[in-house]
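Secondary and tertiary structure notes
One-letter residues, chain by chain:
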Amino acid sequence: MAIPSPTTGRSSPLIRQLSALVDLVREISRARAAQEIYEPALSALNTILGVERSSILLLDSGGVARFLAWRGLSDTYRHAVEGHFPWSLDDPDPRAILIEDVELDETLTPLFPIFRAERIRSVAFIPLMYGERLVGKFMMYYEQPHRLASEDLELANAVAYLVAFAIERARLYAALEESDRRKDIFLATLAHELRNPLAPAAASLELMEHHPEDVSTVRMARGVLERSIGQIARLVDDLLDVSRITRGVIVLEKAPVEVSSLVHHAISTLQGQITAKHQELTLSLEPLWVEADALRLEQVITNLVHNAIKYTPRGGHIRVATAPREGGVEIVIRDDGIGIDPATLPRLFDLFVQVDQSLARTQGGLGIGLTIVRKLAELHGGTVSATSEGEGRGSEFTVWLPGRIDRPRPTPPSATPAAHAPRRRVLIVDDNEDATRMLSMLLSAWGHDVATAGDGPTALAAVQAQHPEILLLDLGLPGMSGYEVATRLREAGETDLQIVAVSGYGQPEDVARAHAAGFDAHLTKPVDRAELERVLAGGRA
């Protein structure tokens, strides 16, 4: 008795359909871009259901359905119906819509002439769903009235599911590639930005070595060193800030603040850059008050004005204005600089995105400043937006903060010069010999009695033998960490000794861990002179 071939007889259409689905899955598994999905999907639809005319439309960023692939449709028809979408965009469970005869459906009356010209009498709308998100639609067209059987609808829905899955998979793959590309650009830029201040710093050291007696040269070189160190410190602070903000560990310390005074202070720190580029700055400031974290709000203003300076050519114009708006305060920074490419605007505030995309990256920057600005504005309950008429036509950034309050500007207390710290016995503990030597020489020049140690056990012995008043203790010591040294000293009864952490780790959790281990204060490298003087005077940091 002969056994029927599986590819013949009544079972062959089912096997052909299953084979087409398997082929589609195979194509999907190989695809790395959404464009590689469309044609195999339309081919599968043709094989499975015999549909010769079909299309795939996806929703763009504005929620408009756009043709991505089609068969048997004219340009005229596509242009006429593009954008038509039969479901609500937030519909969690859209169902397929089957129209047996378009000329009997009154909702399609305006499209009758288009359907007739295209010889379309029946259509099927199949939603493309990814999870609970509607991403587009499949369309099937027939030249005669057609009733889609339930099993055919199930097959069409299966194809739609595979296509939606493949499209989202391709989008995620593209997003990962873009993220990886931006990471590589960021690392290259970070190296570039760190080398920039290191170059003049190294040259300054060479000058000081060759002309130690030339007071003006030494003074100039010292200024360059200070600015270079400050630039590196700001880069590190920005990196730490964006890490803290994205992890949600920044807590705002809000109080009534007068916005125009923050603008003035922010600009005073940037005035040298404005002068160097011969730029014209115009201020239009109203005395407006909001509840805000003054330090963080000034950081927002400084970042935006700094960007305006950086991306505006010599002799350009920058305008900063404040005004009341919608129960809050609006801060606007406008420049007539290089402008922003419209394609960049939607992702301008994303991490590692830079306005200057040239290979030379002539303007510098890590691409994190605007991310910090947006996050800080949002933490205040506000918003930040950017507009530009295009490249070479300047840009405008607008920060809006809610909760404008009426409060008279208080008279600031008169400043009194800080008293010099009394002579103290200081023990410096650090395994970095250069850092130890420089800090020791500095504190000795300030009049303090200074001793040093390079590891934990030596530090413990020195405390017992010399009885210092202040211990400046590095956390990352070899063998025995600074945390362990502090804990042992407290357990040994050293309660009067002021133990100060000096570390490159400055995250809030690092500071909290230091205090938990028995430290009285925490200083982040490079140590700010004012903070160091305050600690030596008996204050906390």
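This is a predicted model, so every value here is computed, not measured. (Residues numbered from 1 in each chain as written. Predicted model: local features only at pLDDT ≥ 70, side-chain atom pairs only at ≥ 80, totals over all residues. Heavy atoms only, no water.)

**As for the sheet that holds strand β13 (residues 404-405)**
Hydrogen bonds between backbone atoms are what pair the strands of a sheet, whose relative direction is either parallel or antiparallel. What the 3 strands build is an open sheet, ordered β6-β8-β13; its pairing is antiparallel. Edge positions in the sheet fall to β6 (255-258) and β13, since each of these pairs with one other strand and no more. As paired elements, β6 and strand β8 (residues 289-292) share 4 bridges and run antiparallel to each other. In the strand pairing of β8, P256 is matched with E291. (Pairing = 2+ DSSP bridges. Helix = DSSP H or I, 4+ residues; strand = E, 2+ residues; numbered from the N terminus.)

**Observations concerning unusual backbone geometry**
With glycine set apart, most residues show a phi of negative sign, and most peptide bonds adopt trans. Look at H278: it is not a glycine, yet its phi comes out positive at around 55 degrees. By secondary structure assignment, the location of H278 is in the loop between α7 (259-276) and β7 (280-284). Residue H467 is not a glycine yet carries a positive backbone phi of 50 degrees. Residue H467 is classed as partly exposed on the basis of its relative accessible area of 48%. (Buried < 20%, exposed > 50% of the residue type's maximum accessible area, 1.4 Å probe, protein only.)

**Some words on the packing of helix α11 (residues 456-466) against helix α12 (residues 482-491)**
For any two helices packed against each other, the geometry is given by the interaxial angle and the distance between the axes. Where α11 meets α12, the axes come as close as 10 Å, and the angle between the chain directions of the two elements is 30 degrees. Viewed along their axes, α11 and α12 adopt a mutual orientation that is roughly parallel. Between α11 and α12 lies a crossing whose hand is right-handed. Contacts from G456, L460 and V463 in α11 reach V485, R488 and L489 in α12. Residue composition of the contact of α11 with α12, grouped by class: 4 nonpolar, 1 polar and 1 charged. (Axes fitted to C-alpha atoms, helices over the stretch in contact; angles between N-to-C directions. Parallel < 35°, antiparallel > 145°, perpendicular 65-115°, else oblique. Left-handed = near helix turned anticlockwise from the far one by under 90°. Contact = heavy atoms within 4.5 Å. Nonpolar A, V, L, I, M, F, W, Y, C, P; charged D, E, K, R; others polar.)

**Description of the sheet that holds strand β17 (residues 498-503)**
Taken together, the 5 strands give an open sheet; going across it, the order is β15-β14-β16-β17-β18, and neighbouring strands pair in parallel fashion. The open sheet terminates on both sides in strands that have one partner only, identified here as β15 (449-453) and β18 (521-524). The sheet shows a mean angle of 20 degrees between the axes of neighbouring strands, taken without regard to direction. Strand direction decides the pairing type here: strand β16 (residues 470-474) and β17, joined by 5 bridges, are parallel. Bridging from a neighbouring strand, D474 pairs with V502 of β17. On top of the sheet, helix α14 (residues 529-536) reaches β14 (425-429), β16, β17 and β18; it is set at about 160 degrees to β18, its chief contact.

**What to know about the pattern of salt bridges**
Taken as a whole and judged by the stated rule, the model has 23 salt bridges. Among the ionic pairs, R147 bridges to E100, the shortest N-O distance being 3.2 Å. One end of the pair, R147, is in the loop between β5 (133-142) and α5 (150-210); the other, E100, is in the loop between β3 (97-99) and α4 (112-118), and 47 residues separate them in sequence. On the basis of relative accessible area, R147 is assigned to the exposed category, the value being 66%. You can call E100 partly exposed: its relative accessible area is 37%. The residue D520 makes a salt bridge to R490 at a minimum N-O spacing of 2.7 Å. In this pair, D520 is assigned in the loop between α13 (508-516) and β18 and R490 in helix α12, connecting sequence segments 30 residues apart. Salt bridges sharing partners connect three or more residues here, namely R53, E118, R119 and E143. (Salt bridge = Lys/Arg side-chain N within 4 Å of Asp/Glu carboxyl O.)

**Observations regarding the environment of G518**
Inspection of the secondary structure assignment puts G518 in the loop between α13 and β18. When its relative accessible area of 17% is taken as the criterion, G518 is described as buried. Distance in space between the C-alpha atoms of G518 and T487 is 6.0 Å, their sequence separation being 31 residues. The residues contacting G518, other than those within four sequence positions of it, are R490 and I499.

**Quick word on the packing of α7 against helix α8 (residues 294-310)**
Orientation of α7 relative to α8, taken along the N-to-C sense of each, is 35 degrees, at an axis distance of 9 Å. Of the two elements, α7 crosses α8, and the hand of that crossing is right-handed. Across the interface between the two elements, L262, V263, H265, A266, I267, T269, L270, Q273 and I274 of α7 pack against A294, L297, E298, I301, T302, V305, H306 and I309 of α8. By residue class, the composition of the contact of α7 with α8 is 11 nonpolar, 5 polar and 1 charged.

**Describing the environment of L59**
Relative to the helices and strands, L59 resides in strand β1 (residues 53-59). The contacts of L59, once residues within four sequence positions are left out, are V64, A65, F85, L89, L134, V135, G136 and R171.

**Comments concerning the pairing of β17**
When you tally the buried positions in β17, you get 6 out of 6 residues, the bulk of the element. By the alternation rule, side chains of β17 split into Q498, V500 and V502 and I499, A501 and S503, which are all buried.

**Regarding a nonpolar patch on the surface**
On the surface, Y130, Y161, F165 and L172 cluster together into a nonpolar patch covering about 410 Å² of accessible area. Among the elements that line the nonpolar patch, the one with the most residues is α5, at 3 residues. Within the fold, F165 resides in helix α5. The class of F165 is partly exposed, set by a relative accessible area of 37%. (Patch = residues over 30% accessible without salt bridge, like charges linked within 9 Å, V, L, I, M, F, W, Y side chains within 5 Å. Areas by Shrake-Rupley, 256 points an atom, 1.4 Å probe, with all protein chains shown as cover.)

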